[in-house]
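# Summary of the model geometry
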Amino acid sequence: AQAAAAPAPATASAPAPAERQVPTAALPPHEPTKPSGKLPHASPSIRKIARELGVPLDEVKGSGAKGRITESDVQSFVKAVMAGTAQTVAQKAAAPAGAGGGSLSGLLPWPKVDFEKFGPVERKEMSRIKKISGANLHRNWVTIPHVTNHDDADITELEAFRVQLNKENEKSGIKVTMLAFMIKATVAALKKFPEFNASLDGDGTLVLKNYFHIGFAADTPNGLVVPVIRDCDKKGIFQISQEMSELAKKARDGKLGPADMTGGCFSISSLGGIGGTYFTPIINAPEVAIMGVCKSSTQPVWDGKQFVPRLILPLSLSWDHRVIDGAAAARFNVYFASLLADFRRIAL
């Protein structure tokens, strides 16, 4: 199960979320219309937007000149699907196709059970966000060969530095969280291991990205969403913390738009404010990896002469085995942990 948290530091100071990471903004599977046999009339930029949102352009009716598909046409299609006007594949117990081809078939139908005959029950309609995220999570879990590496990071000095920063900048109104440091560490790790900053395209090719947009899982009353902070390589800790706080508020208020949740390269899912030790976060397709973090705890660590108390942060890195191998994943985790242990390494 995948976790998520609004800008929660991996220490116990901020609220953190639940357990599934949500590839929001992507469309749920739906019943396709019959292909027309003609390529949809749309510009490269519109095709890119549609690809990021999972919109099949063959099914979008263009309102522009000569039937050209516009951005508003794509957005209208997304709204229509989210409103439930299109049936989902999940409703028919069929699985969507994976990246690069091959549909999933042969799944047994969902069991029909008369629960009332066993005792009293209560029925509750699932929120729209959970319906959408559930279909995406199912697709991602079934189509992506997940592997999860676990490791620990010593964040003793970094946490002391974070507390000091917040005291020094108390009047600014910006609270620095551990998650902000993890986002900067993620950027450094993605630069060192570029295969983690990639996506499998529909034709099976690997797209290596030269930008660094990092998503963070945020818990809301209606379900989990994943806002994206753009160009994290060009922003400092305070700016990232401020944007994270603003996006988390928009998420809680239900005001996130597609632009706030698309284009991510890598996601971080934090249970820091709740607890736990390790878990398996579900990859947010079309990304190829996700970092899960749990609540840090003080543990005795042998320094060569004696046991000393150190603040230890559990890490859980899930990765797509089609793109990444175990050795690279282990190196990524070790490097990521080393940055949190001594943040000066970011400058190297």
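Values in this document were obtained by computation on a predicted structure and should not be read as measured data.

## A closer look at the overall build of the chain
Across its full length, the chain holds seven helices and 11 strands. Here the chain holds 348 residues, and 46% of them are scored as buried. Pairs at least 24 residues apart make up 67% of the contacts formed inside the chain by residues separated by at least 6 positions. If you sum the accessible surface of the chain, you get close to 18100 Å²; carbon and sulfur atoms cover 55% of it.

## Re the environment of Gly 223
Considering the arrangement of structural elements, one finds Gly 223 in strand S6 (residues 223-225). Leave out the neighbours within four places in its chain, and Gly 223 touches Ile 129, Lys 130 and Ala 218.

## Let's talk about the confidence of the model for the chain
Confidence in the prediction of the chain, expressed as mean pLDDT, is 84, and 82% of residues score 70 or more. Long-range and interchain partners of residues 1-26, a stretch whose pLDDT sits below 50, account for 143 contacts in this model, where long-range means more than four residues apart. pLDDT under 50 marks residues 31-35. Its contacts with residues more than four places away, or in other chains, come to six contacts.

## Focus on the environment of Arg 230
Structurally, the position occupied by Arg 230 is in the loop between strand S7 (228-229) and helix H6 (237-252). On the accessibility criterion, Arg 230 (28% relative accessible area) is partly exposed. Ignoring sequence-local partners within four residues, the contact set of Arg 230 consists of Phe 212, His 213, Lys 235, Ala 259, Thr 262 and Gly 263. A distance of 3.1 Å separates a polar side-chain atom of Arg 230 from the backbone oxygen of Ala 259.

## Here we look at the packing of helix H5 (residues 178-192) against helix H7 (residues 326-341)
Contact pair H5 / H7: the axes reach a minimum separation of 9 Å and the direction vectors enclose 135 degrees. Taken together, H5 and H7 sit at an angle that is classed as oblique. Judged by the sense of rotation from one axis to the other, the crossing of H5 with H7 is right-handed. Residues Phe 181, Met 182, Ala 185, Thr 186, Ala 188, Ala 189, Leu 190 and Lys 192 of H5 form the contact with H7, whose own contacting residues are Phe 332, Tyr 335, Phe 336, Leu 339 and Leu 340.

## Brief notes about the state of the cysteines
Under the definition given, this model contains zero disulfides. Left unpaired, Cys 265 is separated from the closest cysteine sulfur, that of Cys 232, by 8.6 Å.

## Focus: helix H3 (residues 128-143)
With 16 residues, H3 should cover 22 Å at 1.5 Å per step; its first-to-last C-alpha distance of 23 Å lies within 8% of that length. Where H3 is concerned, the buried positions are Ile 132, Ser 133, Ala 135, Asn 136, Leu 137, Arg 139, Asn 140 and Thr 143.

## Regarding the pairing of strand S10 (residues 297-302)
Looking at chain direction, S10 and strand S11 (residues 307-320) are connected through six bridges and run antiparallel. Each bridged residue has a counterpart across the sheet, and for Gln 299 the counterpart in S11 is Arg 310. Counting the residues in the hairpin turn of S10 and S11 gives four residues, including Gly 304, whose phi is positive at 105 degrees.

## Brief notes about H7
Structural remark: α-helix, 3.6 residues per turn; residues separated by three or four positions point the same way. Over its 16 residues, H7 runs 23 Å from end to end, which matches the ideal 22 Å to within 8%, given 1.5 Å per residue. Of all the residues in H7, the buried ones are Ala 328, Ala 329, Phe 332, Asn 333, Phe 336, Ala 337, Leu 339 and Leu 340. Down the axis of H7, the buried set is contained in an arc of 165 degrees. They therefore lie on one face. Exposed and facing more than 90 degrees away from the buried side of H7 are Arg 331 and Val 334.

## Notes on the packing of H5 against H6
A pair of packed helices is captured by two measures, namely the crossing angle of their axes and the spacing between those axes. For the pair H5 and H6, the least separation of the axes is 9 Å and the interaxial angle reads 120 degrees. In terms of orientation, H5 lies oblique with respect to H6. Once H5 is placed against H6, the crossing between them reads as right-handed. Residues Leu 179, Ala 180, Phe 181, Ile 183 and Lys 184 of H5 form the contact with H6, whose own contacting residues are Ile 237, Ile 240, Ser 241 and Met 244. Here the residues of the contact of H5 with H6 sort into seven nonpolar, one polar and one charged.

## A few points about the packing of aromatic side chains
A full pass over the atoms with the stated rule returns nine aromatic pairs. Seen from their ring centres, Phe 193 and Phe 332 are 5.9 Å apart, and the 55 degrees between their planes marks the pair as tilted. Remark: Phe 332 occurs in helix H7 and Phe 193 occurs in the loop between H5 and strand S2 (198-200); sequence separation between them is 139 residues. For Phe 332, a relative accessible area of 0% translates into the label buried.

The rules we used
Residues numbered from 1 in each chain as written. Predicted model: local features only at pLDDT ≥ 70, side-chain atom pairs only at ≥ 80, totals over all residues. Heavy atoms only, no water. Helix = DSSP H or I, 4+ residues; strand = E, 2+ residues; numbered from the N terminus. Buried < 20%, exposed > 50% of the residue type's maximum accessible area, 1.4 Å probe, protein only. Contact = heavy atoms within 4.5 Å. Areas by Shrake-Rupley, 256 points an atom, 1.4 Å probe, with all protein chains shown as cover. pLDDT = per-residue confidence, 0-100. Polar contact = N/O pair within 3.5 Å; in protein donor to acceptor, adjacent residues only side chain to side chain. Axes fitted to C-alpha atoms, helices over the stretch in contact; angles between N-to-C directions. Parallel < 35°, antiparallel > 145°, perpendicular 65-115°, else oblique. Left-handed = near helix turned anticlockwise from the far one by under 90°. Disulfide = S-S within 2.5 Å. Expected span 1.5 Å × (residues − 1). Pairing = 2+ DSSP bridges. Arc of directions from axis to C-beta. Nonpolar A, V, L, I, M, F, W, Y, C, P; charged D, E, K, R; others polar. Phe/Tyr/Trp six-rings, centres within 6.5 Å; stacked < 30°, edge-to-face > 60°.

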